[in-house]
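Structural description and commentary
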Amino acid sequence: MKATELTQQQIERAIRKIADKFPPTQEANVMTDIHFRVTQDTGELMAFDDNDEEINRCIIEDWIGDTSDNFFEEIPAVFRKCLDKMKDTIENMSILKPFSFVLENEDKESVAELYLVDDETVIFDPELMKGLDEDLDAFLKQLLAD
C-alpha cells in the first residue's frame with residue numbers, strides 16, 4: 001500500500017490531537033498503551049486509552065472501502081512513518097514512560113506494536129531488520145572461510 005500525502009496528513013493530524021490531550025505541561029498520566037483501532041471498510045481510525053475510553057476519532061479517506069486482504073499487514077509501516085516523523089511531539093506527551101502505540105483491528109485484536117516511547121529502549125521497524133539473520137550468517141561463513 002502506497003501511503004498518499006493525504007493519508008499521512010490525516011494520521012499526523014490524529015496524532016497531534018492525541019498529543020494535545022496530554023500536553024507536556026500537565027502532570028504525567030499513568031497509561032501503558034494508546035490503541036489505534038482501524039475499521040477497514042469505513043476508513044475509521046479511533047484512538048483509545050487503556051480503559052477503552054475514546055481519545056480521538058477520524059476518517060482516513062484513502063482507506064474507505066479498502067477490501068485488500070493484506071490491509072492490516074501494510075498499514076503498520078504507514079503509522080510507523082508518521083509516528084517517527086512526530087517523535088518529538090510524542091516523546092513529550094504527559095504520559096509516564098514507558099508507553100506504546102498499538103494497532104488493533106475492529107475486533108480489538110492487536111495487530112502490531114507501532115512505537116514504544118521509553119528513554120532507554122528503542123524498537124526497530126521490523127522491515128529494517130528483515131533478512132538480518134541471513135546477512136549475518138553469510139558474513140560469518142565468509143569470515144570463517146578466509
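Please refer to the structure placed before this passage.
The text that follows walks through the structure, step by step, so that each part is easy to find. Because the structure is predicted, anything quoted here is derived from the model rather than measured.

**Topic: the sheet that holds strand 4 (residues 99-104)**
One open sheet holds the five strands; their spatial order is 3-2-1-4-5, and the pairing between them is mixed. The strands lining the two open edges of the sheet, one partner per strand, are strand 3 (54-59) and strand 5 (110-117). When the angles between neighbouring strand axes are averaged without regard to direction, this sheet yields 15°. Strands strand 1 (33-39), strand 2 (44-48) and strand 3 of the sheet are contacted by helix 1 (residues 5-20), whose axis makes an angle of about 160° with strand 3.

**Focus on a positive patch on the surface**
A grouping of Arg13, Arg16, Lys17 and Lys21 is seen on the molecular surface, where their side chains present a positively charged patch. Lysine 21 sits in the partly exposed class, given a relative accessible area of 45%.

**Some thoughts on helix 1**
Relative to the 22 Å expected for 16 residues at 1.5 Å per residue, helix 1 spans 22 Å between its end C-alpha atoms, a close match to the ideal helical length. Among all positions of helix 1, only Thr7, Gln8, Gln10, Ile11, Glu12, Ala14, Ile15, Ile18 and Ala19 are buried. Where helix 1 is buried, its residues meet strand 1, strand 2, strand 3, helix 2 (71-85) and helix 3 (87-91).

**Focus: the environment of glutamate 54**
Within the secondary structure layout, glutamate 54 lies in strand 3. Classification of glutamate 54 as partly exposed rests on a relative accessible area of 40%. With near-sequence residues (within four places) excluded, glutamate 54 lies in contact with Ala47 and Phe48. For glutamate 54, the side chain forms a polar contact with the side chain of arginine 57, separated by 2.5 Å.

**Examining a negative patch on the surface**
A cluster of acidic side chains, namely Asp41, Glu106, Asp107 and Glu109, defines a negative patch on the protein surface. Positionally, aspartate 41 belongs in the loop between strand 1 and strand 2.

**What about the side chain of arginine 37?**
The topology assignment puts arginine 37 in strand 1. For arginine 37, the side chain forms a polar contact with the side chain of glutamate 104, separated by 3.0 Å. Setting aside chain neighbours within four positions, we find arginine 37 in contact with Glu44, Leu45, Met46, Phe48, Asp52, Glu104, Asn105, Glu106 and Lys108.

**Some thoughts on the pattern of salt bridges**
This model, assessed by the stated rule, comprises six salt bridges. A salt bridge links glutamate 44 to arginine 57; its shortest N-O distance comes to 2.5 Å. Note that glutamate 44 is positioned in strand 2 and arginine 57 in strand 3, a separation of 13 residues in sequence. Glutamate 44 sits in the buried class, given a relative accessible area of 16%.

**Side note on a nonpolar patch on the surface**
Together, Phe139, Leu140, Leu143 and Leu144 line one region of the surface with nonpolar side chains, adding up to about 450 Å² of accessible area. Position of leucine 140 relative to the elements: it lies in helix 5 (residues 132-145).

Calculation notes
Residues numbered from 1 in each chain as written. Predicted model: local features only at pLDDT ≥ 70, side-chain atom pairs only at ≥ 80, totals over all residues. Heavy atoms only, no water. Pairing = 2+ DSSP bridges. Helix = DSSP H or I, 4+ residues; strand = E, 2+ residues; numbered from the N terminus. Axes fitted to C-alpha atoms, helices over the stretch in contact; angles between N-to-C directions. Contact = heavy atoms within 4.5 Å. Patch = residues over 30% accessible without salt bridge, like charges linked within 9 Å, V, L, I, M, F, W, Y side chains within 5 Å. Areas by Shrake-Rupley, 256 points an atom, 1.4 Å probe, with all protein chains shown as cover. Salt bridge = Lys/Arg side-chain N within 4 Å of Asp/Glu carboxyl O. Lys, Arg positive; Asp, Glu negative; His and termini not counted. Charge placed at Lys NZ, Arg CZ, Asp CG, Glu CD. Buried < 20%, exposed > 50% of the residue type's maximum accessible area, 1.4 Å probe, protein only. Expected span 1.5 Å × (residues − 1). Polar contact = N/O pair within 3.5 Å; in protein donor to acceptor, adjacent residues only side chain to side chain.

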